[in-house]
Amino acid sequence: MKVRLSYFLLILGFGVFYACSDDSISSGPTPYQLEIPGALKLNFPPPVIPADNPLTEEGVALGRKLFFDPILSADGTQACANCHSPSSGFTDNRQFSPGIDGIVGNRNSMPLFNAAWNFGERFFWDGRSRGLEEQALEPVTNPIEMHNTWVNAMSSLQAHPDYPELFNQAFGTSIIDSSLVTKAIAQFERTLISGNSKFDRYLLDEINLSPAEFRGLNVFMAEEGGDCFHCHGNPANPLWTDNDFHNNGLDSFFTDKGLENVTGNPFDRGKFKTPSLRNLVFTAPYMHDGRFATIDEVLEHYSTGVKVTTTTDPLMQFSFQGGVQMTPEEKSDLKAFLLTLTDSSFITNPAFQAP
């Protein structure tokens, strides 16, 4: 009898051991498989994912919930999505976005997509944040945005009936801090990939461009045409931005010094981050201060409105004459090409909507 009992306890012990082992194996977060459209794979490096914040199913889901939840703002009325709406290419179509107190700033809300390929790792128009995680810190405490403190934000999350367990599933702890909040939001933002435009399908030999669109591509690539490629790349760069900072001749005098405010270097005066040309049809108004309401106004600026200063980008070699002086036909064709960079599936992707 004792032998049988010992044997039974031994088997039970092994059962408990293996059950615990199985639980420990399955209890960790599940790696997230990032879906990268075909055009973004053509001779292009993989996205940049920090080693200390790998993408997981649980982390991305948590970040998505936080992105759309106004719980991070001081009065519980404003979420990240208020200024970065999916239907607007993750911007908000206003020149300046109001915060919870109705106060507006002096910068236009930047669109959010393909941020996983920001190899320069500088975010905001003036590059003041290094990495998506750091970028997500500031809006919560900014007095003209969510106007909260991280102590209050974490207290609200900690008292929430769902968030402690969601953080435990994503990061292995139910103790919430600002680092984990911003890591989760950054994970979700890295999944916001736009790569299914007409031009992307053209690169994959799935469709053809119209004659006007093809002429517009040639205008885009010609120095004595639109001269756009220096800052916005070419068909081998499907991001359509160099993620760098340039003074593109908007002003003769600077009330907003841009990158100089961050570096202290006067040679950076009036330099702002190059935005992507993808999804322009959704992301108006344009420029760091939203001064241009239409694509036509932007093209007219580069054609005839460029101002020359000591820091105007030397790549803008026709700035001395006010711009590239495009003909009406060239501007029309260039606009036709730019519209081929529209990815309508991006703004309707179910994975990018409020949970």
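A quick note: this is a predicted structure, and the numbers were derived from the prediction, not measured. (Residues numbered from 1 in each chain as written. Predicted model: local features only at pLDDT ≥ 70, side-chain atom pairs only at ≥ 80, totals over all residues. Heavy atoms only, no water.)

A. Quick peek at the overall build of the protein chain. Check the secondary structure of the protein chain and you find 16 helices and four strands. For the protein chain, the residues scored as buried account for 48% of the 355 residues in total. Restricting to contacts in the protein chain with at least 6 residues of sequence separation, those with at least 24 account for 66%. Accessible area for the protein chain stands at about 17,000 Å²; split by element, carbon and sulfur atoms hold 58% of it. Separation between the mean location of the 24 positive side-chain charges and that of the 42 negative ones in the protein chain comes to 3 Å. (Helix = DSSP H or I, 4+ residues; strand = E, 2+ residues; numbered from the N terminus. Buried < 20%, exposed > 50% of the residue type's maximum accessible area, 1.4 Å probe, protein only. Contact = heavy atoms within 4.5 Å. Areas by Shrake-Rupley, 256 points an atom, 1.4 Å probe, with all protein chains shown as cover. Lys, Arg positive; Asp, Glu negative; His and termini not counted. Charge placed at Lys NZ, Arg CZ, Asp CG, Glu CD.)

B. Quick peek at the nonpolar core. L66, F67, L72 and V181 are the most contacted members of the largest nonpolar core, which totals 34 residues. Mapped onto this core, the elements with two or more residues apiece are helix 2 (57–68), helix 3 (80–83), helix 6 (150–158), helix 7 (163–171), helix 8 (178–190) and helix 16 (344–348). Those residues in contact with L72 that sit more than four places away from it in its chain are L66, V140, M146, N148, W150, A153, L157, V181 and I185. (Core = buried A, V, L, I, M, F, W, Y, C linked by side-chain atoms within 4.5 Å.)

C. Representation of the pattern of salt bridges within the structure. Taken as a whole, this structure holds 15 salt bridges when the rule is applied. Between D126 and R128 there is a salt bridge, and its shortest N-O distance comes to 3.0 Å. The class of R128 is partly exposed, set by a relative accessible area of 30%. Of the charged contacts, one joins K335 and D296 as a salt bridge, the two residues approaching to 2.9 Å between their closest N and O atoms. Of this pair, K335 sits in helix 15 (residues 328–339) while D296 sits in helix 14 (residues 295–305); the two residues are 39 residues apart in sequence, bridging distant segments of the chain. Judged by relative accessible area, which is 26%, K335 ranks as partly exposed. Taking relative accessible area as the criterion, D296 reaches 44% and is therefore assigned partly exposed. Three or more residues joined by partner-sharing salt bridges are found here, namely R107, D126, R128, E138 and D256. (Salt bridge = Lys/Arg side-chain N within 4 Å of Asp/Glu carboxyl O.)

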